[in-house]
Amino acid sequence: MEMSIAAGRLVIACHECDLLHRIHPLRDGERATCSRCGAGLWAKKRDSFEHTILLTVTSLILFVLANVFPFMTFELHGRVQTSHLSTGVVEFFDRGMWELGLLVLAASILFPALKILGMLYVLVPLEMNRRPWKAAPVFRMVAQCQTWAMMDVYLLGVIVAVIKLADLATLVPGVAIYSFGALILTLAAADSTLDPHAVWEKMEDLP
Amino acid sequence: MRSSYVTAAQASLISCHACHQLSRIPAKRTHGEAICPRCEAHIHLRKPNSLSRTWALLIAAYILYIPANLLPVMTVISFGQGEADTILSGVKELIHAGMLPIALVVFFASIVVPVTKLVVLTYLLLSVQYRSQWRPRERTVLYRITEVVGRWSMIDIFMISILIALVKLEAVATIEPGMGAISFAAVVIITMFAAMGFDPRLIWDNMKEKR
Ligand SMILES: [Zn+2]
Ligand SMILES: [Zn+2]
């Protein structure tokens, strides 16, 4: 608990201006914001664990599809070139530009994978009232992945590339590109159903 | 402003950045850093060396921003002839091709966002250092937007990675990424770290007198 005060109130500090707030325990779907700077303090979600686990499992399946199936096919003068999600990474490494290869690998594959797996690793055992080993650092890592997993930005990059090539060649989208698009939506939904406060509290209650 | 405003720091409390848990400031300085009792993260009253760290990263980003815009981000080689593209010429090309909406998106993400981010972070640092009392709430919102929007500048880098994956027909057309792309990616990452290093609570710490 966030330091319980008499009459079941919580004390919570704003992350952005450090102001202390005494708030009543929130009901499902309620949000508390800082009265001074407007930053979000806490948003309580209904059935957070079940919804988030369901959406994350869906994301995991879509993630596998996005990585296994062809991403896009490029046709020019009868020559056909099929690419996968990871092809750009390989091409960067082949050209010796490993910095960019690593960056694209991290942003489009590694961090999304870490986020999905980390979320399941923490949430599934907690839902069954068990605290997994190293739960706290893993859940902190999940929050960090938020910034560096850039699938949404990547998809916009794909759209720009497709528009640039549209006159030049025929492009056929593959299964992976649809899975990737759906993955962005399911992961965003999982983020919106996740209630980090509930996770930390549950972790604290379990030995 | 209400007179009952009390910050966690004034109440001798440290708020954990990872899990929001409040804990008392350790009475005696123990060896090493304080640890959050709930999530085991390192906790500090304010982000350590926030100003100098953000300045250092910001200056590095300003310097790298020059090659990022002058050097080609990629070269399109078709039938043996190469044509180099910088960030700006890529946008110009989209406009000439009549693709105005997407040109605007790219212009916004690759030029407006990085420049604004550098300017805003510089302004926020100066405003804290000169103990500005002006519109703390708006400055906090400015910071919040800066932190969220930065990653969208990566569009160009991802676009190049798609292009080099698709266009590799040796005799007809290939695309070579250039050094500009590395510098540009570095600018984006460094400014993201700079934004993370800045502590918006410093804006409000200067407002104490006005309680
Ligand atoms: Zn606040
Ligand atoms: Zn903590």
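Residues numbered from 1 in each chain as written. Chains lettered and ligands numbered in written order. Predicted model: local features only at pLDDT ≥ 70, side-chain atom pairs only at ≥ 80, totals over all residues. Heavy atoms only, no water.

Enquirer: Whenever I open this one, the side chain of A:Thr73 confuses me. Can you help?
Expert: With respect to the helices, strands and loops of the structure, A:Thr73 is situated in strand S6 (residues 72-76). Other than its neighbours up to four places away in sequence, A:Thr73 contacts A:Val80, A:Gln81, A:Thr82, A:Thr170, A:Leu171 and A:Val172. (Helix = DSSP H or I, 4+ residues; strand = E, 2+ residues; numbered from the N terminus. Contact = heavy atoms within 4.5 Å.)

Enquirer: I keep staring at the pairing of strand S7 (residues 79-83) of chain A and nothing clicks. Help me out?
Expert: One face of the sheet, then the other: side chains in a regular strand alternate in exactly this way. Residues and elements named next belong to chain A. Across five bridges, the pairing between S6 and S7 is antiparallel. If you follow Thr 73 over to S7, its bridge partner there is Thr 82. Counting the residues between successive antiparallel strands, the hairpin from S6 to S7 contains two residues, one of them, His 77, with a positive phi of roughly 50 degrees. (Pairing = 2+ DSSP bridges.)

Enquirer: How do you make sense of unusual backbone geometry when you look at a structure like this?
Expert: Outside of glycine, negative phi angles account for most residues, and trans bonds account for most peptide bonds. Although it is not a glycine, A:Lys134 adopts a positive phi angle of roughly 60 degrees. Along the polypeptide, A:Lys134 turns up in the loop between helix H3 (98-127) and helix H4 (135-148). A positive phi angle is found at B:Arg131, which is not glycine, with a value near 50 degrees. For B:Arg131, the position within the fold is in the loop between helix H3 (100-129) and helix H4 (136-149).

Enquirer: Help me understand the coordination of the zinc ion (ligand 2) in this model?
Expert: When four donors bind a metal tetrahedrally, each ideal donor-metal-donor angle is 109.5 degrees, and when six bind octahedrally, the ideal angles are 90 or 180 degrees. All names here are of chain B. Coordination of the zinc ion (ligand 2) by the protein comes from Cys 16 (SG), Cys 19 (SG), Cys 36 (SG) and Cys 39 (SG), over a distance range of 2.2 to 2.4 Å. Binding-site remark: the zinc ion (ligand 2) is held by donors from one chain whose sequence spacing is C-x2-C-x16-C-x2-C. The exposure classification of Cys 36 matches that of Cys 39, with both residues buried. (Donors = N, O, S within 2.8 Å, 3.2 Å for Na, K, Ca; no water. Buried < 20%, exposed > 50% of the residue type's maximum accessible area, 1.4 Å probe, protein only.)

Enquirer: So what exactly am I meant to see when it comes to the domain arrangement of chain A here?
Expert: A common way to state how big an interface is: give the accessible area lost once the parts meet. Domain boundaries in chain A define domain 1 (2-43) and domain 2 (48-205). Centre-to-centre separation of domain 1 of chain A and domain 2 of chain A, based on C-alpha positions: 32 Å. (Domains from an automatic or database assignment.)

Enquirer: Would you mind showing me how to read the coordination of the zinc ion (ligand 1) here?
Expert: Residue and element names in this part refer to chain A. Surrounding the zinc ion (ligand 1) are the protein donor atoms Cys 14 (SG), Cys 17 (SG), Cys 34 (SG) and Cys 37 (SG), which sit 2.2 to 2.4 Å from the metal. Counting along the primary sequence, the residues that act as donors to the zinc ion (ligand 1) give the motif C-x2-C-x16-C-x2-C. Placement of Cys 14 in the loop between strand S2 (9-13) and strand S3 (20-23) and of Cys 37 in the loop between strand S4 (31-33) and strand S5 (40-43) is noted, with a sequence separation of 23 residues between them. Side by side, Cys 14 and Cys 37 carry an identical accessibility label, which is buried.

Enquirer: Looking at this model, I keep getting lost on the packing of aromatic side chains. Mind explaining?
Expert: Aromatic ring pairs are defined here through the distance separating the ring centres and the angle between the ring planes. For the coordinates displayed, the defined rule picks out seven aromatic pairs over all chains. Ring centres of A:Phe71 and A:Phe180 lie 5.9 Å apart, and the angle between their planes is 80 degrees; this geometry places the pair in the edge-to-face category. Highlighted residues: A:Phe71 in the loop between helix H1 (48-68) and S6 and A:Phe180 in helix H6 (residues 175-193), separated in sequence by 109 residues. For A:Phe71, a relative accessible area of 2% puts it in the buried group. Overall, the relative accessible area of 0% leaves A:Phe180 in the buried class. Ring geometry for A:Trp148 against B:Phe193: centres 5.1 Å apart, planes inclined by 40 degrees, an arrangement best described as tilted. Here A:Trp148, found in helix H4, pairs with B:Phe193, found in helix H6 (residues 179-197), and the two come from separate chains. (Phe/Tyr/Trp six-rings, centres within 6.5 Å; stacked < 30°, edge-to-face > 60°.)

Enquirer: Help me understand the side chain of A:Thr193, please; the structure alone is not making it clear to me.
Expert: Residue and element names in this part refer to chain A. Within the fold, Thr 193 resides in helix H6. On the accessibility criterion, Thr 193 (15% relative accessible area) is buried. A polar contact of 3.0 Å, which involves the side chain of Thr 193, links it to the side chain of Thr 52. In contact with Thr 193, other than residues within four places in its own chain, are Lys 45, Ser 48, His 51, Thr 52 and Leu 55. (Polar contact = N/O pair within 3.5 Å; in protein donor to acceptor, adjacent residues only side chain to side chain.)

Enquirer: How should the domain arrangement of chain B be read in this particular structure?
Expert: Residues and elements named next belong to chain B. Once the domains are mapped, chain B shows domain 1 (1-45) and domain 2 (48-209). The straight-line distance from the C-alpha centre of domain 1 to that of domain 2 is 33 Å. On the side of domain 2, four residues touch domain 1, which itself brings six residues to the contact. Interface of domain 1 and domain 2: buried area, both sides summed, is about 410 Å²; carbon and sulfur atoms make up 56% of it. Put simply, domain 1 and domain 2 have zero salt bridges between them. (Buried area = accessible area lost by both parts, 1.4 Å probe. Salt bridge = Lys/Arg side-chain N within 4 Å of Asp/Glu carboxyl O.)

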